[in-house]
Structures are given as C-alpha cells and as structure tokens.
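Each chain, written out:
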Amino acid sequence: MYDIPPKTLPRDGVIILLHGWGANGKDLLPLAEALRLPRLRYIALEGKIDAPMTGGHGKGWFMFPPTKSATEEINSSRRQIVAAIDKLTDEGVPAEKIVLMGFSQGGSMALNTLINSQKKVGAVVVMSGFFLDQEALKQKNSLITETPIFAGHGIHDNLVPLHLAKESILSLNDAGFTVGWHEYPCEHRIMVEELQDIRAFLEKVL
C-alpha cells in the first residue's frame, strides 16, 4: 500500500486508487499531483494476483482473461479493499469522505465493492473500466444507491470496447444508482480532459 498525505489542511477526504491489470500500486500515484486537489489523501492498493510475463512486477485483482477461480479472486480482492475502508473509518475518516477510484480492472473492483458495501462511500470513479456483476446486481435486495458514480471511457478503446463498457456500467442506473457517463477521443488511457472532469466531480461530492 502507498499512502500520500494531504498537502494542505483541513483534509477533504481520501481517494483509494485501484490500478489496472498488469500494473501495480505505483501506477496511479501520479494522479495525486495531476488532480490538483491538495487537501485529499491518496492511498494506492495493490492486487495480489501476479500478471504473467511481468517478472512479478505486474499485478491484478483477478486473472485476465478470467478463469474458474475468478469469483474467489474477486471476493478476496474486495475483502482487501473493504479492509482499507474499514481501517480509514477506524481512524476517524467518515465513509462518505472515501472515494474508490479505479482504472480498467481496478474500476471493475471499485464497482464490485460498491454493490457489496455495507458503508456509504462518498463516490466511485471508473476510468476505462467495466461492470462484471449484472446478474449479481439483480439478486441484491439492499443497495446503497446514493453513492454517485463517475465513469469515463475512450471511444477508441481496443482493450475494453466502448459499447460493452457503456452497456455494463449504465445498467447500474436501472438499479437506482446515478452514473455520470463521459466519453473521450482516446484509446485505453486517461486524458487530461478526463482528469479535469474528475476533479470537478470530486469537488462536488467531497
């Protein structure tokens, strides 16, 4: 885990960063500078699955492509994220001041944690991500739908196709969530324009 404290006080909240497949906990740390929100604390978690052909440096939250072990891998990764949320609330951080922010597979884990959460986190930010849990969503009787969701995606994404990501994530609207969907003229990456939109979103929800 990597922990970047706020540069100025009072603290506005905490961003939990969840990297994508084949990256690691350091991958999203530059967002702490790029978002230009100095009163936020940033915590970057790291998946425990070793991505093949990365020499042990690349990690994931579940194997990709998914295998028969995917369900347990996802559950284990969710427990890791929930433990981080619980630790923060034990420290006195209100759950409503905690944001889950994930890129690609990390975004999928952020949404999975959201629909299984017992605490109302402040928001979820999904960058170039997707939602895997449509069937599980239908079986949920109790959801904390007040948590707002920001979802951004490149229209030229060749790893997580736009139409699949959009359809899966916007299915959360049918369950009562409010999803703000944003499209950008890029591939599987984060644009400056997306960071500007995320910054504006965070300023509203925290």
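In case you missed it, the structure is sitting above this.
Counting of residues starts from 1 at the beginning of each chain's written sequence and follows it residue by residue. Only residues with pLDDT of at least 70 get local features here, since the model is predicted, and only at 80 or more are side-chain atom pairs given and counted; chain-wide, interface and lining totals rely on the full set of residues. Side-chain measures here rest on the full set of heavy atoms in the structure, leaving out hydrogens and waters.

Regarding the environment of Gly-107
Helix and strand definitions here come from DSSP, where helices need a minimum of 4 consecutive H or I residues and strands a minimum of 2 consecutive E residues; each element is numbered from the N-terminal end. With respect to the helices and strands, Gly-107 occurs in helix 3 (residues 105-115). With a relative accessible area of 0%, Gly-107 lands in the buried category. Sequence-wise, Gly-107 and Leu-18 are 89 residues apart; in three dimensions their C-alpha atoms are separated by 7.0 Å. In contact with Gly-107, other than residues within four places in its own chain, are Gly-102, Val-126 and Phe-130. Here the term buried applies to any residue with accessible area under 20% of the maximum for its type, exposed to any over 50%, and partly exposed to those in between, with areas from a 1.4 Å probe on protein chains only. The criterion used for residue contact is that any of the two residues' heavy atoms lie within 4.5 Å.

Focus: the packing of helix 2 (residues 70-90) against helix 3
The axes are straight lines fitted to the C-alpha atoms, using for helices just the contacting stretch, and the angles between their N-to-C directions are given from 0 to 180°. Where helix 2 contacts helix 3, the two axes come as close as 10 Å, and the packing angle between them is 75°. Viewed along their axes, helix 2 and helix 3 adopt a mutual orientation that is roughly perpendicular. Taking contact as the criterion, the partners of Ile-74, Ser-77, Arg-78, Ile-81, Val-82 and Ile-85 in helix 2 are, on helix 3, Met-109, Asn-112 and Thr-113. Each residue receives one of three labels: charged for Asp, Glu, Lys and Arg, nonpolar for Ala, Val, Leu, Ile, Met, Phe, Trp, Tyr, Cys and Pro, and polar for the others, Gly being one of them. Looking at the contact of helix 2 with helix 3 residue by residue, the class counts come to five nonpolar, three polar and one charged. In these notes the angle categories are as follows: under 35 degrees is roughly parallel, over 145 is roughly antiparallel, 65 to 115 is roughly perpendicular, and the rest is oblique.

Describing the packing of aromatic side chains
Stacked, tilted and edge-to-face are the three classes applied to pairs of Phe, Tyr and Trp rings, where Trp contributes its six-membered ring and a pair requires centres within 6.5 Å; stacked means planes under 30 degrees apart, edge-to-face means over 60, and tilted covers the rest. If you walk through the whole model with that rule in mind, you get two aromatic pairs. Plain terms: the ring middles of Phe-150 and Phe-201 are 5.6 Å apart, the flat faces sit at 50° to each other, and that makes the pair tilted. On the criterion of sequence distance, the pair formed by Phe-150 in strand 8 (residues 149-154) and Phe-201 in helix 6 (residues 192-205) is long-range, its members being 51 residues apart. Across this residue pair, the class does not change: Phe-150 and Phe-201 are buried.

Everything listed is a geometric property; what it means functionally is a separate question.
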